[in-house]
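Residue-level listing of the chains:
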Amino acid sequence: MPSKPGNDFKLNQEDKEILEKFKTEEGRQMAFNLLVRKYQKRVYWLIRKMVIDHDDANDLSQEVFIRIWHHLDEFRGESGLFTWIYRVATNECLAYLKKKRRRFFLPIHDLEGELAGKIESGNHFTGDEIEKKLQLAILKLPEKQRLVFNMKYFEELKYEEMSEILGTSVGALKASYHHAVQKIKNSVLLDNNQDEEA
Amino acid sequence: MKKHNFGMPDEAFFQAQASTILEKTSGLENWRLKGIRNPQETFPVSDSFWLKMEDGIRSRIKPKQTKVFQLSWKPVFASLLMAITIGLGIWNFLYKTSDNEIAENHLEQLNQEEILIYLTENEENQKITELIAAGTFSDINVEIPVGADSEIEEYIDEANLNESDLELNL
């Protein structure tokens, strides 16, 4: 299980060293390898929770790191390295979902239904019944709200960190999380009532 | 953490307590008590996956050279396009001649013989050619040919005019 983010919105010593090495021609490849090893799991899980499918999450994670390879020179160190990586990953993820939703130029595509089907099929999910219900309820949220919920509920990120990553105010994030929780509660309760009636 | 002196209840107690709380509440945070795991544990991934992913990333990146100055193709292309446009403008302004100038230049290069050949080949200019053949182009003393008497008589016949008509008009 990946470590919980601590003060990831500040540049720590280890990341500073990675960045220093990356600036030199002889250390560039090694620094990048260190960066991949350090952050690949967290990037993958962030994406996996959003796209559900393992292969899609794998492809997208690789895209994220390739983007990082090309643009790490532009990182100014004004935020934590992981905050920056997280931002790249969330942008990539949202762009992918948007593209997938508009597949074949058809604006209406039941992406949530497709993702829910993957969870229910059991190939992509090994959780028990209650964990499945929670994941299905999360899938009903709008994408950005889903991101906010995952970051807060599972990753336990601070609102300040989320604000840096998503470029949204802390107040708006708190409201978004609150709404997400209410929606999930309602969805799960409705689901439970339907089960009881059946 | 401060050590407390109370007796520790066993694990079964906490499980029973969690169930009781869950029955009474429907708060989302209580799901944690019920053992909701992080998706990391519920979405399966093989053990070798992480190494494969690393290899996948490594195979897709090209070694990057540290450049003294970075040359991006977009500004280069834009500059090139601008230079071509400016060049074409200057060339057009300096060297492009009018159609009249081209015709004059062309005529200057032709000698009289070539002009005569052209005129000979053109049927409409047949009469002019015959006249030109009599002398140089500038020396031609052109007399507009007036119809011969026979031609005038022929015209009168065709128009069906009699002599009285002619007298009246005259």
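Look up a bit, the structure's there.
All values reported here derive from a predicted model rather than from experimental measurement.

(A) Structural context of the side chain of A:Thr90. Along the chain, the position of A:Thr90 falls in helix α4 (residues 81-101). Excluding its chain neighbours within four sequence positions, the residues that come into contact with A:Thr90 are A:Leu46, A:Leu147, A:Met151, A:Ile165 and A:Leu166.

(B) Main features of a negative patch on the surface. On the surface, a cluster of negative charge is made up of B:Glu151, B:Glu153, B:Glu154 and B:Asp157. Following the sequence through the fold, B:Asp157 ends up in helix α9 (residues 149-158).

(C) Inspection of the pattern of salt bridges at higher detail. Residues and elements named next belong to chain A. Here the structure, examined in full by the defined rule, presents 11 salt bridges over all chains. Where Lys38 meets Glu14, a salt bridge forms, and the shortest distance between an N and an O atom there is 3.2 Å. Of the two residues, Lys38 is situated in helix α2 (residues 28-51) and Glu14 in helix α1 (residues 13-23); the sequence distance between them amounts to 24 residues. For Lys38, a relative accessible area of 27% translates into the label partly exposed. Overall, the relative accessible area of 46% leaves Glu14 in the partly exposed class. Taking the shortest distance from any N to any O, the salt bridge between Asp56 and Lys100 comes out at 3.3 Å. Taken together, the residues Asp56 in helix α3 (residues 54-71) and Lys100 in helix α4 connect sequence positions 44 residues apart. Residue classification places Asp56 among the buried positions, given a relative accessible area of 15%. Relative accessible area serves as the criterion here: at 12%, Lys100 is assigned to the buried category.

(D) View of the packing of aromatic side chains. All names here are of chain A. Under the definition given, this model contains 14 aromatic pairs over all chains. Note on Phe149 and Phe154: the rings are 6.3 Å apart at their centroids and 85° apart in plane angle, and the pair reads as edge-to-face. Phe154 matches Phe149 in its accessibility class, with the two residues each being buried. Aromatic pair Tyr153 and Phe154: ring centres 5.0 Å apart, planes at 85°, arrangement edge-to-face.

(E) Structural view of the side chain of A:Gln145. Among the structural elements, A:Gln145 can be located in helix α7 (residues 143-154). Once residues lying within four places of it in the same chain are set aside, the contact partners of A:Gln145 are A:Ser176, A:His179, A:Ala180 and A:Lys183.

(F) Region of interest: unusual backbone geometry. Residue and element names in this part refer to chain A. In the Ramachandran plot, Ile52 falls in the positive-phi region, its phi being about 65° despite a non-glycine side chain. Mapped onto the elements, Ile52 comes out in the loop between α2 and α3. For Ile52, a relative accessible area of 0% corresponds to the buried category. Here Glu156, not a glycine, exhibits a phi torsion of approximately 55°, which is positive.

(G) Summary view of the packing of α3(A) against α4(A). Residue and element names in this part refer to chain A. Interaxial distance between α3 and α4 falls to 10 Å at its minimum, and their mutual angle equals 130°. By the angle class used here, α3 and α4 are oblique. As α3 packs across α4, the resulting crossing turns out to be right-handed. Mapping the contact onto sequence places Asp56, Leu60, Glu63, Val64, Arg67, Ile68 and His71 in α3 and Trp84, Ile85, Val88, Ala89, Glu92, Tyr96 and Lys100 in α4. Here the residues of the contact of α3 with α4 are counted per class, giving 8 nonpolar, 1 polar and 5 charged.

(H) Layout of a nonpolar patch on the surface. Residues and elements named next belong to chain B. Taken together, the side chains of Met82, Ile86, Ile90, Trp91, Phe93, Leu94 and Tyr95 present a nonpolar region at the surface, about 880 Å² in accessible area. Examined against the element boundaries, Met82 turns out to sit in helix α5 (residues 73-95). By relative accessible area, which is 55% here, Met82 ends up exposed.

(I) Quick look at α3(A). For α3(A), which comprises 18 residues, the first-to-last C-alpha distance of 26 Å matches the rise-based estimate of 26 Å (1.5 Å per residue) to within 8%. All buried positions along α3(A) are accounted for by A:Asp56, A:Ala57, A:Asn58, A:Leu60, A:Ser61, A:Gln62, A:Val64, A:Phe65, A:Ile66, A:Ile68 and A:Trp69. On the buried face of α3(A), the contacting elements are α1, α2, α4 and α5 (111-121) of chain A together with α4 (49-60) of chain B. The distance from a side-chain oxygen at the start of α3(A) to the backbone nitrogen of A:Asp55 is 2.9 Å, and the residue carrying that oxygen is A:Asp53.

Conventions and cut-offs
Residues numbered from 1 in each chain as written. Chains lettered and ligands numbered in written order. Predicted model: local features only at pLDDT ≥ 70, side-chain atom pairs only at ≥ 80, totals over all residues. Heavy atoms only, no water. Helix = DSSP H or I, 4+ residues; strand = E, 2+ residues; numbered from the N terminus. Contact = heavy atoms within 4.5 Å. Patch = residues over 30% accessible without salt bridge, like charges linked within 9 Å, V, L, I, M, F, W, Y side chains within 5 Å. Areas by Shrake-Rupley, 256 points an atom, 1.4 Å probe, with all protein chains shown as cover. Salt bridge = Lys/Arg side-chain N within 4 Å of Asp/Glu carboxyl O. Lys, Arg positive; Asp, Glu negative; His and termini not counted. Charge placed at Lys NZ, Arg CZ, Asp CG, Glu CD. Buried < 20%, exposed > 50% of the residue type's maximum accessible area, 1.4 Å probe, protein only. Phe/Tyr/Trp six-rings, centres within 6.5 Å; stacked < 30°, edge-to-face > 60°. Axes fitted to C-alpha atoms, helices over the stretch in contact; angles between N-to-C directions. Parallel < 35°, antiparallel > 145°, perpendicular 65-115°, else oblique. Left-handed = near helix turned anticlockwise from the far one by under 90°. Nonpolar A, V, L, I, M, F, W, Y, C, P; charged D, E, K, R; others polar. Expected span 1.5 Å × (residues − 1). Polar contact = N/O pair within 3.5 Å; in protein donor to acceptor, adjacent residues only side chain to side chain.

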